[in-house]
Amino acid sequence: MAKNKVQKKEFVSLWTEGQKCIIKDAGHKSRAFVPLQIDSGNDIEVVQVDGGLIPDLSDGELISDNLIYTIKDKNKGLNITWIIELKGTKNENEARHAVEQIIKSIQYMQDQISYPQASKYVTNRDFVFAAVAGAPDKTLPVLNNNDIKILCKKLMAMSKKRKDVKDMFMLFCYIRPNERCKNAELQGNKAPYSIWCYNKQDGFIPYPSMLLKILEGSSK
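Procedures and definitions
- Residues numbered from 1 in each chain as written.
- Predicted model: local features only at pLDDT ≥ 70, side-chain atom pairs only at ≥ 80, totals over all residues.
- Heavy atoms only, no water.
- Helix = DSSP H or I, 4+ residues; strand = E, 2+ residues; numbered from the N terminus.
- Buried < 20%, exposed > 50% of the residue type's maximum accessible area, 1.4 Å probe, protein only.
- Axes fitted to C-alpha atoms, helices over the stretch in contact; angles between N-to-C directions.
- Parallel < 35°, antiparallel > 145°, perpendicular 65-115°, else oblique.
- Left-handed = near helix turned anticlockwise from the far one by under 90°.
- Contact = heavy atoms within 4.5 Å.
- Nonpolar A, V, L, I, M, F, W, Y, C, P; charged D, E, K, R; others polar.

## Examining unusual backbone geometry
The amide bond that connects Ala191 to the next residue, Pro192, takes the cis arrangement and shows omega of 0 degrees. For the bond from Tyr207 to Pro208, the omega torsion is 5 degrees, close enough to zero to count as cis. Residue Asp56 is not a glycine yet carries a positive backbone phi of 60 degrees. Checked against the element boundaries, Asp56 lands in the loop between strand S4 (42-48) and strand S5 (66-73). According to the relative accessible area criterion, Asp56 is exposed, its value standing at 76%. At Asn124, a residue that is not glycine, the phi angle is positive and equals roughly 55 degrees. By secondary structure assignment, the location of Asn124 is in the loop between helix H1 (92-109) and strand S7 (127-133). Taking the relative accessible area as the measure of exposure, Asn124 reaches 56% and is therefore exposed.

## Remarks on the packing of H1 against helix H2 (residues 145-158)
In the contact formed by H1 and H2, the axes pass within 10 Å of each other and the chain directions differ by 30 degrees. Between H1 and H2, the angle falls in the class roughly parallel. Considering how the two elements wind past one another, H1 and H2 form a crossing that is left-handed. Here Glu92, Arg96, Val99, Ile102, Ile103, Ile106 and Gln107 of H1 come into contact with H2, specifically with Asp147, Ile148, Ile150, Leu151, Lys154, Leu155 and Met158. Taken together, the residues of the contact of H1 with H2 sort by class into 9 nonpolar, 1 polar and 4 charged.

Shape descriptors only; they carry no functional weight alone.
Given below as structure tokens:
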């Protein structure tokens with residue numbers, strides 16, 4: 001297994017094919033996490049958004065925790081951004097607020113005057129996805145489509161290959177760590193899907209192939 005490359009910025013870490021990484025939010029003491037394994041032929045950046053890419057927010061203002069940015073994809077040649085909010089909660093209002101945080105993050109990243117270094121992460125991308133991640137000991141609530149409609153419309157508008165997206169709700173998913181999980185898999189009969197995963201054995205989410213499986217429109 002290759003070692004993690006040297007960070008080029010304190011809020012950006014670089015990962016390459018075959019590596020496993022776990023995205024956490026120690027700063028806000030959330031127990032939510034996202035375990036990833038990078039697919040062959042891929043290099044990515046894992047970027048801290050809140051307090052990193054987008055610094056100097058007003059007191060009490062919250063935006064997304066992280067994003068995953070494909071630098072190189074030798075297999076499909078796709079440019080993908082995946083925006084993630086870590087929200088280990090059972091509370092529906094808090095889960096709904098996570099969606100609002102993602103929308104606000106997108107607005108900041110599209111502000112090329114105030115945050116010129118951020119615009120590349122949401123510009124000229126083949127697909128832009130978003131997810132809310134839970135904690136393994138909590139039940140992340142399912143939101144109705146009205147709660148995520150504005151977000152999914154934004155994700156669709158930013159995705160250059162939107163014609164390949166059968167349903168805009170495929171661009172949003174839930175990440176549900178579960179200690180019983182032995183293999184990362186999709187769950188659900190229709191979008192938005194859930195990704196069942198864990199940080200052991202083969203429970204790591206293969207990136208970006210898991211997102212491409214979502215676009216196929218099946219959890220099987």
